Amino acid sequence: MQSTDTKSVFGRFLKFWRGVHGVSQEALAGRLGSSPRHISRLENGSSRASEAMVLDIARVLSLGKRDLNHLLIAAGFAPNEEPVDFNAPELKWLRKAMTMHLRTLDPYPASVVDGSANILMVNRGWVNFYGNLLDADGLASLSNFYDFLFAQAVVDDAAGDWADTLSAILMSIQQSALLTGDANAEKALARLQAYPSVPADWRQRAAHTEPMASFRVAINIAGEMKRFFSVGTMAGALGPSAFASQPHLSIITLYPEDESYDFSSLGGAELSHPLLFY
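Counting of residues starts from 1 at the beginning of each chain's written sequence and follows it residue by residue. Local features in a predicted model are, by the rule used here, given only for residues with pLDDT of at least 70; side-chain atom pairs are given and counted only at 80 or more, and totals for whole chains, interfaces and linings are based on all residues. Excluded from the side-chain calculation are hydrogens and water; included are all heavy atoms of the structure.

Undergrad: Hey, could you run me through the environment of Ser 47 in this one?
TA: Numbering of helices and strands runs from the N terminus; a helix is a DSSP stretch of H or I covering at least four residues, while a strand is a stretch of E covering at least two. Within the secondary structure layout, Ser 47 lies in the loop between helix H4 (36-44) and helix H5 (51-60). Residues Ser 47 and Ser 8, 39 residues apart in the sequence, show an inter-C-alpha distance of 9.5 Å. What makes two residues a contact is simply this: any of their non-hydrogen atoms within 4.5 Å. Contact partners of Ser 47, with chain neighbours within four places excluded, come to His 38, Arg 41 and Leu 42. N or O atoms within 3.5 Å of each other form a polar contact, as long as, within protein, one can give a hydrogen and the other can take it, and as long as residues adjacent in sequence are counted only when both atoms are side-chain atoms. Polar contacts involving the side chain of Ser 47 include one to the side chain of Arg 41, which spans 2.9 Å.

Right under this line is the structure:
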């Protein structure tokens, strides 16, 4: 049988951070205006920390945003996230790294998106591919990857790929809204549900579909349906999978199911775009 101590995830975190900063239970209790007995009970799992107590512990131990959020999650609370501006001057190095990575993916269409699937950067392959599906104004105004998918989706898809893909995406957003109470997630959910391509039973479908960052899509190119693999890879900070620090970045790349498919055969698209930086 496991001991109580091993059952308390929060207790393990608390004991770890006390050790890092060389703070005894007695000293921590003094800083918090609590008692050593209460700190001991928090560590062995016989007492549960309130959210206010977790925030106070993080404050007196001078924990950063990442470690505060891990402590909140360990105690059973939602992370306290603050949006990070991808275009902020201090993230110039990250934008440069993303540009270099996008360049290596040419000629496959690739983009960098944030946690809401807003498109932040694209490569030349992306402009070449989507420039043949949309007119110049449509291409320049394409700002959200999910909106594009939901608008492109085939309503009566015999293979069922679209229905399952859209359902899984909606469930991901739904669970994020339930976990964090984020109003933006609620708005995104309402917006995407309004597309006619969304199956009425998307909740039930998603309940039986394991979420994946990659999926199959079918896109109409010159009157012919072509199938692709949409592969998403995270480009975030290191840490437990329960929480990835801001900014939440993913690189989404489109690969043809038919390996003989030649993206360069599309041609014709002017390779310029507000989000193309090389």
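Moving on from the model shown.
Undergrad: Could you clarify how one ought to interpret helix H2 (residues 9-21) in this entry?
TA: Over its 13 residues, H2 extends 19 Å from the first C-alpha to the last, a length consistent with the 18 Å expected when each residue adds 1.5 Å. Structurally, H2 contributes buried residues whose contacts are with helix H3 (25-32), H4, H5 and helix H6 (65-74). Immediately beyond the C-terminal end of H2, within one or two residues, lies Gly 22, with a positive phi of roughly 60°. Helices are assigned an expected span. That span is 1.5 Å times one less than the residue count.

Undergrad: Hey, could you run me through the pairing of strand E2 (residues 119-122) in this one?
TA: When a strand is regular, its side chains alternate between the sheet's two faces. Inspection of the sheet shows strand E1 (residues 110-113) paired to E2 by 3 bridges, in the antiparallel sense. Pairing of Ser 111 across the sheet is with Val 122, part of E2. The rule for pairing is simple: two strands pair if DSSP sees at least two bridges between them.

Undergrad: Looking at this structure, I do not really get the packing of aromatic side chains. What am I missing?
TA: For any pair of aromatic rings, the description consists of the separation of the ring centres together with the inter-plane angle of the planes. Here is the rule: rings of Phe, Tyr and Trp (six-membered ring for Trp) pair when centre to centre is within 6.5 Å. Planes less than 30 degrees apart are stacked, more than 60 are edge-to-face, and the remainder are tilted. Taken as a whole, this structure holds 12 aromatic pairs when the rule is applied. Aromatic rings pair up to connect Tyr 108, Trp 126, Phe 129, Tyr 130, Phe 148, Phe 228, Tyr 255, Tyr 261 and Phe 263 into one cluster.

Undergrad: What is the right way to read the nonpolar core from this model?
TA: Across soluble globular proteins, nonpolar side chains have a tendency to be buried as a group. In plain words, nonpolar cores are sets of buried Ala, Val, Leu, Ile, Met, Phe, Trp, Tyr and Cys residues tied together by side-chain atoms within 4.5 Å. Relative accessibility under 20% of the residue-type maximum defines a buried residue, over 50% an exposed one, and the middle range a partly exposed one, all with a 1.4 Å probe and only protein chains included. Counting residues in each nonpolar core, the largest one holds 42 residues, and the members touching the most others are Phe 129, Phe 145 and Phe 228. Sorting the residues of this core by element identifies E2, helix H8 (124-130), helix H10 (145-152), helix H11 (161-180), helix H12 (183-193), helix H13 (202-207), strand E3 (214-221) and strand E5 (250-256) as the ones contributing at least two each. Setting aside residues up to four positions removed in sequence, Phe 145 forms contacts with Val 113, Ala 117, Ile 119, Tyr 130, Phe 215, Ser 230 and Ile 252. Listed in part, the 23 residues of the second largest apolar core include Val 54, Leu 71, Ala 74 and Ala 75.

Undergrad: Just checking my understanding: could you explain the sheet that holds strand E4 (residues 224-234) for this structure?
TA: Strand order in this open sheet of 5 strands is E2-E1-E5-E4-E3, and the pairing throughout is antiparallel. The open sheet has two free edges, formed respectively by E2 and E3, since each of these has just one partner strand. Strand-to-strand twist of the sheet, defined as the mean angle between neighbouring strand axes without regard to direction, takes the value 30°. Along the sheet, H10 contacts E1, E2, E3, E4 and E5; its crossing angle with E3, the most-contacted strand, is approximately 60°. A fitted line through C-alpha atoms serves as each axis, taken over the contacting stretch for helices, and the angle formed by two N-to-C directions is quoted from 0 to 180°. Along the sheet face, H11 touches E3 and E4 and points at about 125° away from the line of E3.

Undergrad: Would you take a moment to explain the pairing of E1 for this structure?
TA: Burial along E1 is two-sided: Ala 110 and Val 112 and Ser 111 and Val 113, pointing in opposite directions, are all buried. Sheet analysis places E1 next to E5, joined by 4 bridges and oriented antiparallel. Looking across to E5, one finds that Ser 111 is bridged to Ile 252. What sits between E1 and E2 in their antiparallel hairpin is a turn of 5 residues, with Ala 117 showing a positive phi close to 70°.

Undergrad: Can you help me understand the environment of Tyr 195 in this one?
TA: With respect to the helices and strands, the residue Tyr 195 is situated in the loop between H12 and H13. Residues Tyr 195 and Phe 150, 45 residues apart in the sequence, show an inter-C-alpha distance of 6.4 Å. Filtering out sequence-adjacent residues up to four positions away, Tyr 195 remains in contact with Asp 147, Phe 150 and Ala 151.

Fair warning: the whole summary comes from geometry, so function is off the table for now.
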